Amino acid sequence: MSTELQPKSATSKGPAEWFTGDVYFNAYYAGTEPSRTRLNLVRFTPGAHTAWHRHAVGQTLHVTEGYGYVQSRGEELIELRPGDTVHTPAGEWHWHGASADDFMCHLALWEAPGADSDEPETVWGELLTPEEYPQRGW
Ligand code: MN
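Starting afresh in each chain, residues are numbered from 1 along the sequence in its written order. Given that the model is predicted, a residue must reach a pLDDT of at least 70 before its local features are reported, and side-chain atom pairs must reach 80 or more before they are shown or counted; all residues, however, enter totals for whole chains, interfaces and linings. The basis for every side-chain value is the complete set of heavy atoms in the structure, and neither hydrogens nor water enter the calculation.

Caption draft 1: Focus on the pairing of strand E10 (residues 85-88). Of the two faces of E10, only the one carrying Val86 and Thr88 is buried; Thr85 and His87 on the other face are not. Two strands are counted as paired when DSSP detects at least two bridges linking them. Elements are defined by DSSP. Helices are runs of H or I of four residues or more, strands are runs of E of two residues or more, and each kind is numbered from the N terminus. Two elements, strand E7 (residues 59-66) and E10, share four bridges in a ladder whose sense is antiparallel. The residue bridging His62 from the neighbouring strand is Thr85, located in E10. Only protein chains enter the accessibility calculation, which uses a 1.4 Å probe; a residue is then buried when its area is under 20% of its type maximum, exposed when over 50%, and partly exposed in between.

Below you can see the structure in the form of C-alpha cells.
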C-alpha cells in the first residue's frame, strides 16, 4: 500500500427522509478495516438541516463556510461559524444545519462501529418541527 490519490467523489443530494431542505454531500473517505474513519463534506442551503439522529461512535463537525447550528436533544442551541469545530458524543441525539438566512458547509468526521457491533453508524429519527428549528436566522 502506498499513498494514493482517492477517486473523485460525486456530489449527492441528501435524501428527504434525513434532511429538511436542499443538502448536498461528498463522501471523501470511507476507511476499510482496521480503519473505520468516515469523512464527508456537507453543504446546506439556507434553512436546510438534518433530522434528529445519533451516531454510534460520535461525530466531529468542522465548519468551512457559512453560518448554522448544532443542537443536542434538551440542550442549548450552539451557533456555528467558519472555523468552529464541535464534537457530539456517541449515541447522543442531535441535529445540525444552516441558519434560515445563510448557507453552511461543514466537514463531518465519524467512525463506523467495530466489526463485532451490530449497531448502525447513524440512526435517523424524526424531521425537526418548525418549532424546533430557529426560523429567526443566525
Ligand atoms: Mn450528526
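Caption draft 2: Expanded view of the coordination of the manganese ion. Coordinating donors are taken to be N, O and S atoms lying within 2.8 Å of the metal, or within 3.2 Å when the metal is Na, K or Ca; because water is excluded from the atom set, some sites may appear incomplete. Each protein donor to the manganese ion is listed here as His53 (NE2), His55 (NE2), Gln59 (OE1), His94 (NE2) and His96 (NE2); together their distances run 2.1 to 2.2 Å. Overall, the relative accessible area of 4% leaves Gln59 in the buried class.

Caption draft 3: Seen up close, the nonpolar core. Counting residues in each nonpolar core, the largest one holds 14 residues, and the members touching the most others are Val23, Val42, Phe44, Leu80, Val86, Met104 and Ala108. When residues of this core are traced back to their parent elements, those giving at least two are strand E4 (37-44), E7 and strand E12 (104-111). Once residues lying within four places of it in the same chain are set aside, the contact partners of Val23 are Ser12, Lys13, Gly14, Val42, Arg43, Phe44, Ala48 and His49. Counting residues in each nonpolar core, the second largest holds five residues, with Trp52, Trp95, Leu128 and Tyr133 among its members. What we call a nonpolar core is a set of buried Ala, Val, Leu, Ile, Met, Phe, Trp, Tyr and Cys residues that are connected through their side-chain atoms within 4.5 Å. Note on contacts: a residue pair is in contact if any heavy atoms of the two residues lie within 4.5 Å.

Caption draft 4: Inspection of the side chain of Gln71 at higher detail. Checked against the element boundaries, Gln71 lands in strand E8 (residues 68-72). Using a relative accessible area of 16% as the deciding quantity, one classes Gln71 as buried. If we ignore the near neighbours within four places in the chain, the residues touching Gln71 are Trp52, Glu76, Leu77, Trp93, His94, Trp95 and Glu132.

Caption draft 5: Quick look at the pattern of salt bridges. We define a salt bridge as a contact between a side-chain nitrogen of Lys or Arg and a carboxyl oxygen of Asp or Glu at a distance within 4 Å. Tallying each qualifying case throughout the model produces two salt bridges. With a closest N to O distance of 3.0 Å, Lys13 and Asp22 form a salt bridge. Asp22 sits in the partly exposed class, given a relative accessible area of 36%.

Caption draft 6: Just the packing of aromatic side chains, in detail. Note on aromatic contacts: the rings of Phe and Tyr and the six-membered ring of Trp form a pair at centre separations within 6.5 Å, being stacked when their planes are under 30 degrees apart, edge-to-face when over 60 apart, and tilted otherwise. The final tally for this structure, using the stated rule, is six aromatic pairs. Ring geometry for Phe19 and Phe44: centres 6.4 Å apart, planes at 65 degrees, overall edge-to-face. In this pair, Phe19 is assigned in strand E2 (residues 19-20) and Phe44 in strand E4, connecting sequence segments 25 residues apart. Residues Phe19 and Phe44 agree in their burial class; the two are buried. Of the aromatic side chains, those joined through ring pairs into one cluster are Trp18, Phe19, Phe44 and Trp124. Consider the ring centre and the ring normal. A charge sits over the ring if Lys NZ or Arg CZ is within 6 Å of that centre and within 35 degrees of that normal. Above the face of the Tyr24 ring, Lys13 is positioned so that its terminal group lies 5.9 Å from the ring centre. Against the face of Trp52 rests Arg73, its NZ or CZ located 4.3 Å from the ring centre.

Caption draft 7: Representation of the sheet that holds E12 within the structure. As summarised here, the arrangement of the six strands in space is E1-E3-E4-E12-E7-E10, forming an open sheet in which the pairing is antiparallel. The two strands at the open ends of the sheet, each matched to only one other strand, are strand E1 (12-13) and E10.

Caption draft 8: Just the pairing of E4, in detail. In the sheet, strand E3 (residues 23-30) pairs with E4 via seven bridges, with the strands oriented antiparallel. In the sheet register, Ala27 faces E4, and the bridge partner there is Asn40. In textbook terms, the turn of a hairpin is the stretch between consecutive antiparallel strands, and for E3 and E4 this stretch comprises six residues. Bridge count between E4 and E12: eight bridges; the pairing is antiparallel. Its bridge partner lying in E12, Leu41 is registered against Leu107.

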